[in-house]
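Listed here are the chains, written in short residue letters.
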Number of protein chains: 2
Amino acid sequence: MEFVEELRFFKEQLGTKERVEVPENTKNIVIAGMGGSGLAGKIFSELYSGLPVYLADGYELPEFVSDSTLVIAISYSGNTEETLTMAKDAKKKNAHLVTISSRGELSEQGDQRIKVPRSDLQPRSSTPYLLLPLLNGFNLISPAEVSNSYKLLDALDKDSKECESHANALVNESLIPVIYGSTPYRSVAYQWKIQFNETSKLLAYANSFPELNHNDTTAIATSYKKEDLYFFVFDSETKRINDRIRMTQEITGSKFNIVRPKGASRIEKMFYLLHYGSYVSYYAAKLRRVDPASVPLIEKLKKGLKDTPM
Amino acid sequence: MEFVEELRFFKEQLGTKERVEVPENTKNIVIAGMGGSGLAGKIFSELYSGLPVYLADGYELPEFVSDSTLVIAISYSGNTEETLTMAKDAKKKNAHLVTISSRGELSEQGDQRIKVPRSDLQPRSSTPYLLLPLLNGFNLISPAEVSNSYKLLDALDKDSKECESHANALVNESLIPVIYGSTPYRSVAYQWKIQFNETSKLLAYANSFPELNHNDTTAIATSYKKEDLYFFVFDSETKRINDRIRMTQEITGSKFNIVRPKGASRIEKMFYLLHYGSYVSYYAAKLRRVDPASVPLIEKLKKGLKDTPM
């Protein structure tokens, strides 16, 4: 499957009907996942805060995990070393374990096992498959939002010239993408970073307003190499954040390329922004003549780790 | 006060006896803080996971906050816009509010008010003042660790040549510092980034093992501008993480400058690493002939925001 086909298939995943079942006694939630597979948890934790949500992206679950914890372990391949270790830990601690995966060891574990119907995508192209069960389970998405998001993604599939022109500006000058998001799209900024890394094989850096006003601000004004940066800044719904964006741009003398998400709701805007970033990183890969799909070094690392006892 | 005096004063703050009082009915913890003042919460959340800890670094507290939530609002100046807004939200939601600040509006709020004895430091130089009340309150530090940490910091105050030589290598070649940490020192890697930004006025980037193996790895091998990076990688106590560090270095053909923390415990190593980074960024500022203390652009931004209605 060509990588651009994966992009076009993104919208089809919105039809996912699976839903995480939330046990009645749930007091807190832990989502275990790495990289592209960890993204679903990151997005969910920005959209839901009815219970404490803890994102685990190492080998260990936090101490507080108990029989009233819902642990959701997500790995598209089902074989991610860290996620498997954390899933085992969840059972040891008598937590309720839900797994989301396409195959592999993880798909054979869990009190609830959500199996993604296709295993031939890159993990970073499978976000809706991994995320919809969370959104459905916590009633965070309506049928209207599903169908509106589908239309927005479809329109981008048909016309992504704006994304291509960003990629041109970026690659022609050998610039480093810097992506600045804000709540509830911080995780989307992080996903752009992952996609520039893996799809375009480029360095990339993500941060968020208002936190970045407490650190990056000084650096982007006065550092050496600052002219190497290409800024993508997500427009916000919040006046105060847009005040900050405007002032930061002025004070630091930076050129911010503002990305305005289309869509009527947070969910729709989130899917639009995700897809927009996929296209920018895809065009950047084409311009750099690198294969947008494969990540041979990560595979090599996984192989090396497999051959080394833990 | 010269900035280097602030560094030497760091160890003196270890004598802080204040302790956050934890109400018996506490079910979860929210720590509200931005930038350098947010760091104490970040470090705490890596060392303690007995209850869910949520880090809030925007304008809003999560929905789950209730009368069984302990909210700890930290702002060295006591006047951080975001933190004040979150502290107000905490009272609205009947949470138990503890404030940690040196002065300002925040110091006049809270069921428990912890006042830091000096208000003339840079927030990023006041970490022990802000952190010790958390470590003491949750019994995460022993008197022996306090005295050993003091000795380790004092030794660095007397001999920081190694830090100076890193700064030389970095600034002489106009390189960008990239700091790779791992649990429980991810937040320390982030603090190094803040210090390079604010003290050295340099771009900087932090990430952590194993998460970075799912994104950065491809980029640091094949991106343009990769030769502009200078890697600081914290040695880990975990064999599996050190396997990853070694393999990542090999596979990507990068030169990792391994920083080996001194100290007998996690706490001691954490303080050592923090202080080590302060010196590297301090020497980098001196080499760049910038004032290590002041952050005029952040002040300008704060002023601009103050003059703009919310």
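Predicted, not measured: the structure shown is a model, and the values here were computed from it.

1. Comments concerning the interface of chain B and chain A
Then step 1. Listed per partner, the contact involves 72 residues of chain B and 72 residues of chain A.
Then step 2. The junction of chain B with chain A conceals about 6,500 Å² of combined surface from both sides, 60% of it contributed by carbon and sulfur atoms.
Then step 3. Where chain B touches chain A, the interface holds 12 salt bridges.
Then step 4. Where Lys 193 of chain B meets Asp 216 of chain A, a salt bridge forms, and the shortest distance between an N and an O atom there is 2.4 Å.
Then step 5. Put simply, chain B and chain A have 41 residue pairs in polar contact (both at pLDDT 80 or more) between them.
Then step 6. Sorting the residues of the side of chain B that touches chain A by element identifies helix H2 (35-47), helix H3 (81-92), helix H6 (161-172), helix H7 (186-198), strand E7 (205-209), helix H8 (216-222), helix H9 (239-252) and helix H11 (296-306) of chain B as the ones contributing at least two each.
Then step 7. Residues of the side of chain B that touches chain A, tallied by class, amount to 32 nonpolar, 19 polar and 21 charged.

2. A look at the pairing of strand E7 (residues 205-209) of chain A
All names here are of chain A.
Then step 1. Counting buried residues in E7 gives 4 out of 5 residues, a clear majority hidden from the surface.
Then step 2. Of the strand pairs in this sheet, strand E6 (residues 176-182) and E7 are connected by 5 bridges, and their pairing is parallel. Along E7, the bridge assignment pairs Ser 182 with Phe 209.
Then step 3. Assessed by its sense of winding, the connection that carries the chain from E6 through helix H7 (residues 186-198) to E7 is right-handed.

3. Points about the packing of helix H5 (residues 143-158) of chain B against helix H10 (residues 266-288) of chain B
All names here are of chain B.
Then step 1. Viewed as axis vectors pointing N to C, H5 and H10 meet at an angle of 25 degrees, and their least axial separation amounts to 9 Å. Our classification of the angle between H5 and H10 gives roughly parallel. Here H5 runs over H10; the crossing is right-handed. On H10, the residues that touch Ala 144, Glu 145, Asn 148, Ser 149, Leu 152, Leu 153, Leu 156 and Asp 157 of H5 are Ile 267, Glu 268, Phe 271, Tyr 272, His 275, Tyr 276 and Tyr 279.
Then step 2. A breakdown of the residues in the contact of H5 with H10 according to their chemical character gives 9 nonpolar, 3 polar and 3 charged.

4. So, unusual backbone geometry
Then step 1. Across the junction of Phe 209 of chain A and Pro 210 of chain A, the peptide omega takes the value 0 degrees, indicating a cis bond.
Then step 2. Mapped onto the fold, Pro 210 of chain A is located in the loop between E7 and helix H8 (216-222).
Then step 3. The omega torsion of the bond from Thr 183 of chain B to Pro 184 of chain B falls at 0 degrees, within 30 degrees of zero and hence cis.
Then step 4. Residue position: Pro 184 of chain B is located in the loop between strand E6 (176-182) and H7.
Then step 5. At Asn 94 of chain B, a residue that is not glycine, the phi angle is positive and equals roughly 60 degrees.
Then step 6. For Asn 94 of chain B, the position within the fold is in the loop between H3 and strand E4 (96-101).

5. Remarks on the relation of the copies chain B and chain A
Then step 1. The transformation that overlays chain B on chain A combines an axial shift of 0.0 Å with a rotation of 180 degrees, and the residual RMSD is 0.0 Å. As the rotation angle and translation indicate, the two copies are arranged about a two-fold axis. Of every C-alpha in chain B, the one belonging to Pro 52 of chain B sits nearest the axis of rotation, 3.3 Å from it.
Then step 2. Taken together, the interface assignments show that 100% of the residues at the interface of chain B recur at the interface of chain A, consistent with an identical surface on both copies.

6. Looking at H7 of chain B
Then step 1. The terminal C-alpha atoms of H7 of chain B, which comprises 13 residues, lie 19 Å apart, in line with the 18 Å expected from a rise of 1.5 Å per residue.
Then step 2. Taken across its 13 residues, H7 of chain B has 12 buried, putting it largely inside the fold.

7. Some words on the sheet that holds strand E1 (residues 28-32) of chain B
All names here are of chain B.
Then step 1. Judged by pairing direction, the sheet is parallel, and its 5 strands sit side by side in the order E2-E1-E3-E4-E5 without closing on themselves. Single-partner strands in this sheet number two, and they are strand E2 (53-56) and strand E5 (112-115). If you compare each strand with its neighbour and ignore which way they point, the axes differ by 15 degrees on average.
Then step 2. In this structure, E1 lies alongside strand E3 (residues 69-74), joined through 5 bridges in parallel fashion. For Ala 32, the partnering residue across the bridge sits in E3 and is Ala 73.
Then step 3. Where H2 meets the sheet, its contacts fall on E1, E2 and E3, and the angle it forms with E2 comes to roughly 160 degrees.

8. Considerations on the side chain of Thr 199 of chain B
Residues and elements named next belong to chain B.
Then step 1. Along the chain, the position of Thr 199 falls in the loop between H7 and E7.
Then step 2. Taking the relative accessible area as the measure of exposure, Thr 199 reaches 1% and is therefore buried.
Then step 3. Setting aside chain neighbours within four positions, we find Thr 199 in contact with Phe 3, Arg 124, Ile 194, Ser 281, Tyr 282, Ala 285, Val 290, Asp 291 and Pro 292.

9. Structural notes on the pairing of strand E9 (residues 256-259) of chain A
Residues and elements named next belong to chain A.
Then step 1. Looking at chain direction, strand E8 (residues 229-234) and E9 are connected through 4 bridges and run parallel. Paired with Phe 232 across the bridge in E9 is Asn 257.
Then step 2. One crossover worth recording links E8 to the parallel E9 by way of helix H9 (residues 239-252), and it is right-handed.

10. Regarding the packing of H9 of chain A against H11 of chain B
Then step 1. Here H9 of chain A crosses H11 of chain B at 140 degrees, and the two axes come no closer than 10 Å. Here H9 of chain A lies oblique to H11 of chain B, going by the angle between them. Classified by chirality, the crossing of H11 of chain B by H9 of chain A is right-handed. Where H9 of chain A approaches H11 of chain B, its residues Arg 240, Asp 243, Arg 244, Met 247, Thr 248 and Ile 251 of chain A are matched on the opposing element by Leu 297, Lys 300, Leu 301, Gly 304, Leu 305 and Lys 306 of chain B.
Then step 2. For the contact of H9 of chain A with H11 of chain B, a count of residues per class yields 5 nonpolar, 2 polar and 5 charged.

11. Examining the pattern of salt bridges
Then step 1. Under the defined criterion, the tally for this structure stands at 42 salt bridges over all chains.
Then step 2. Between Lys 11 of chain A and Asp 157 of chain A there is a salt bridge, with the nearest N and O atoms lying 2.7 Å from each other. Remark: Asp 157 of chain A occurs in helix H5 (residues 143-158) and Lys 11 of chain A occurs in the loop between helix H1 (3-9) and strand E1 (28-32); sequence separation between them is 146 residues. Like Asp 157 of chain A, Lys 11 of chain A is buried.
Then step 3. The partner of Glu 82 of chain A in a salt bridge is Arg 244 of chain B, with the nearest N and O atoms 3.2 Å apart. One end of the pair, Glu 82 of chain A, is in helix H3 (residues 81-92); the other, Arg 244 of chain B, is in helix H9, on a second chain.
Then step 4. Each of the salt bridges in this network shares a partner with another, and the network as a whole consists of Glu 81 and Glu 82 of chain A together with Lys 239, Arg 240, Asp 243, Arg 244 and Arg 246 of chain B.

12. Overview of the packing of aromatic side chains
All names here are of chain A.
Then step 1. The tally for this structure, following the rule as stated, stands at 37 aromatic pairs over all chains.
Then step 2. Plain terms: the ring middles of Tyr 180 and Phe 256 are 6.2 Å apart, the flat faces sit at 85 degrees to each other, and that makes the pair edge-to-face. Of the two residues, Tyr 180 is situated in strand E6 and Phe 256 in strand E9; the sequence distance between them amounts to 76 residues.
Then step 3. The ring of Phe 9 is capped by Arg 118, whose NZ or CZ atom sits 4.3 Å from the centre of that ring.

13. Concerning the sheet that holds strand E4 (residues 96-101) of chain A
Whether parallel or antiparallel, the strands of a sheet pair through hydrogen bonds between backbone atoms.
Residue and element names in this part refer to chain A.
Then step 1. With parallel pairing, 5 strands are arranged side by side in an open sheet as E2-E1-E3-E4-E5. The open sheet is flanked by strand E2 (53-56) and strand E5 (112-115), the only strands paired with a single partner. Looking at each pair of strands side by side, their axes are set apart by 15 degrees on average, direction ignored.
Then step 2. Strands in contact with helix H2 (residues 35-47) are E1, E2 and strand E3 (69-74); relative to E2, the strand with the most contacts, it is inclined by about 160 degrees.

About the cut-offs
- Residues numbered from 1 in each chain as written.
- Chains lettered and ligands numbered in written order.
- Predicted model: local features only at pLDDT ≥ 70, side-chain atom pairs only at ≥ 80, totals over all residues.
- Heavy atoms only, no water.
- Contact = heavy atoms within 4.5 Å.
- Buried area = accessible area lost by both parts, 1.4 Å probe.
- Salt bridge = Lys/Arg side-chain N within 4 Å of Asp/Glu carboxyl O.
- Polar contact = N/O pair within 3.5 Å; in protein donor to acceptor, adjacent residues only side chain to side chain.
- Helix = DSSP H or I, 4+ residues; strand = E, 2+ residues; numbered from the N terminus.
- Nonpolar A, V, L, I, M, F, W, Y, C, P; charged D, E, K, R; others polar.
- Buried < 20%, exposed > 50% of the residue type's maximum accessible area, 1.4 Å probe, protein only.
- Pairing = 2+ DSSP bridges.
- Right-handed = clockwise from strand over helix to strand, strands pointing away.
- Axes fitted to C-alpha atoms, helices over the stretch in contact; angles between N-to-C directions.
- Parallel < 35°, antiparallel > 145°, perpendicular 65-115°, else oblique.
- Left-handed = near helix turned anticlockwise from the far one by under 90°.
- Least-squares fit on C-alpha atoms with pLDDT ≥ 70 in both.
- Expected span 1.5 Å × (residues − 1).
- Phe/Tyr/Trp six-rings, centres within 6.5 Å; stacked < 30°, edge-to-face > 60°.
- Lys NZ or Arg CZ within 6 Å of the ring centre and 35° of its normal.

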